[in-house]
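As a plain string of letters, each chain reads:
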Amino acid sequence: MVFSVVCDALFSDSQAYSKAHFKPTANQLFTVTNGYAFVILFIFSVFVDQTLLPALQFFKDYPSVLPHLFLVGILQVVGQICIYYVVANFKQHVFPLISTTRKIITVIASIFYFGHYINQWQWGAISLVFVGMFYELYEELTHQKHKDDLKKENKKDP
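Residues numbered from 1 in each chain as written. Predicted model: local features only at pLDDT ≥ 70, side-chain atom pairs only at ≥ 80, totals over all residues. Heavy atoms only, no water.

1. As for the overall build of the protein
Step number 1: From N to C terminus, the protein includes six helices and zero strands.
Step number 2: Expressed as a percentage of its 158 residues, the buried residues of the protein come to 15%.
Step number 3: Summarising the internal contacts of the protein: among those between residues at least 6 apart in sequence, 68% fall at separations of at least 24.
Step number 4: Per element, the accessible surface of the protein, about 12600 Å² overall, is 71% carbon and sulfur. (Helix = DSSP H or I, 4+ residues; strand = E, 2+ residues; numbered from the N terminus. Buried < 20%, exposed > 50% of the residue type's maximum accessible area, 1.4 Å probe, protein only. Contact = heavy atoms within 4.5 Å. Areas by Shrake-Rupley, 256 points an atom, 1.4 Å probe, with all protein chains shown as cover.)

2. Examining the packing of aromatic side chains
Step number 1: Taken as a whole and assessed by the stated rule, the structure comprises six aromatic pairs.
Step number 2: Seen in terms of ring centroids, Phe112 and Trp123 are 6.0 Å apart; in terms of plane orientation they differ by 35 degrees. Their pairing is tilted. With a gap of 11 residues between them, Phe112 in helix α5 (residues 94–114) and Trp123 in helix α6 (residues 120–156) connect regions that are remote in the sequence.
Step number 3: Judged by relative accessible area, which is 30%, Trp123 ranks as partly exposed.
Step number 4: Plain terms: the ring middles of Phe130 and Phe134 are 6.1 Å apart, the flat faces sit at 20 degrees to each other, and that makes the pair stacked. In this pair, Phe130 and Phe134 both sit in helix α6, four residues apart, roughly one turn of the helix.
Step number 5: The class of Phe130 is buried, set by a relative accessible area of 18%.
Step number 6: Grouping aromatic residues by their ring pairs yields a cluster made of Phe58, Phe59 and Tyr62. (Phe/Tyr/Trp six-rings, centres within 6.5 Å; stacked < 30°, edge-to-face > 60°.)

3. Considering the packing of helix α4 (residues 65–89) against α5
Step number 1: Contact geometry of α4 with α5 gives a least axis separation of 8 Å together with a crossing angle of 145 degrees. Of α5, the residues touching α4 (which contributes Ile83, Val86 and Val87) are Val94, Phe95 and Ile98.
Step number 2: Per-class residue counts for the contact of α4 with α5 are six nonpolar, no polar and no charged. (Axes fitted to C-alpha atoms, helices over the stretch in contact; angles between N-to-C directions. Nonpolar A, V, L, I, M, F, W, Y, C, P; charged D, E, K, R; others polar.)

4. As for the nonpolar core
Step number 1: In this structure, Ala26, Leu29, Phe30, Tyr84, Val86, Val87, Ala88 and Phe95 together form the largest nonpolar core, which totals eight residues.
Step number 2: At the level of elements, α2 (26–48) and α4 are the ones that each hand at least two residues to this core.
Step number 3: Looking at this core, the element that brings in the most residues is α4, giving four residues.
Step number 4: Setting aside its immediate chain neighbours within four residues, Leu29 contacts Pro24, Tyr84, Val87 and Ala88.
Step number 5: Core analysis: the second largest hydrophobic core is formed by seven residues, Ile104, Ile108, Ile111 and Met133 among them. (Core = buried A, V, L, I, M, F, W, Y, C linked by side-chain atoms within 4.5 Å.)

5. Regarding the confidence of the model for the protein
Step number 1: In the predicted model, the protein carries a mean pLDDT of 82, and 81% of its residues have values of at least 70.
Step number 2: Across the protein, element-level confidence peaks in helix α3 (residues 52–61) with a mean pLDDT of 95 and bottoms out in helix α1 (residues 2–22) with 70. (pLDDT = per-residue confidence, 0-100.)

6. A word on the environment of Tyr85
Step number 1: In this fold, Tyr85 is placed in helix α4.
Step number 2: Spatially, the C-alpha atom of Tyr85 lies 8.0 Å from that of Thr25, the residues being 60 residues apart in sequence.
Step number 3: Beyond its immediate chain neighbours, meaning those up to four positions away, Tyr85 contacts Ala26 and Phe90.

7. Overview of the environment of Gln28
Step number 1: For Gln28, the position within the fold is in helix α2.
Step number 2: Residues Gln28 and Ala88 lie 60 residues apart in sequence; the distance between their C-alpha atoms is 9.6 Å.

8. Focus on the environment of Val87
Step number 1: With respect to the helices and strands, the residue Val87 is situated in helix α4.
Step number 2: Distance from Val87 to Ala26, taken between C-alpha atoms, is 7.4 Å for residues 61 residues apart in sequence.

Structural data, given as structure tokens:
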């Protein structure tokens, strides 16, 4: 999870560049990302860890897994379409905010549901993430309000 949160923070600016320079649609983002992921994972599963054939044998031995795998695939497609819609239609910082909020809420729900022990430093780290997210949201909203106020003033002046 730490790697995922770090990547969200590091790549939001590259998302802004790509969005401004190439102007991709949500479907283009979805297709290209999944195409690259398929090629990389296929090569890895065939040549590096050689798991493709054992996986296919598993599906042959246990065909009742296939409907569940298909359902997970459908849910992932729906989730990715939502993600790419947000990336394509909103500012680059909106998706990392949504994603990080979901991850932190999932961690907190897991802590309480499974009764995990969390020490004060870990609670401090969780709090720090929430403070950072709320500060970023506050900055985004006040910056947008300031831009809207400037537009109104410019319309009033002849």
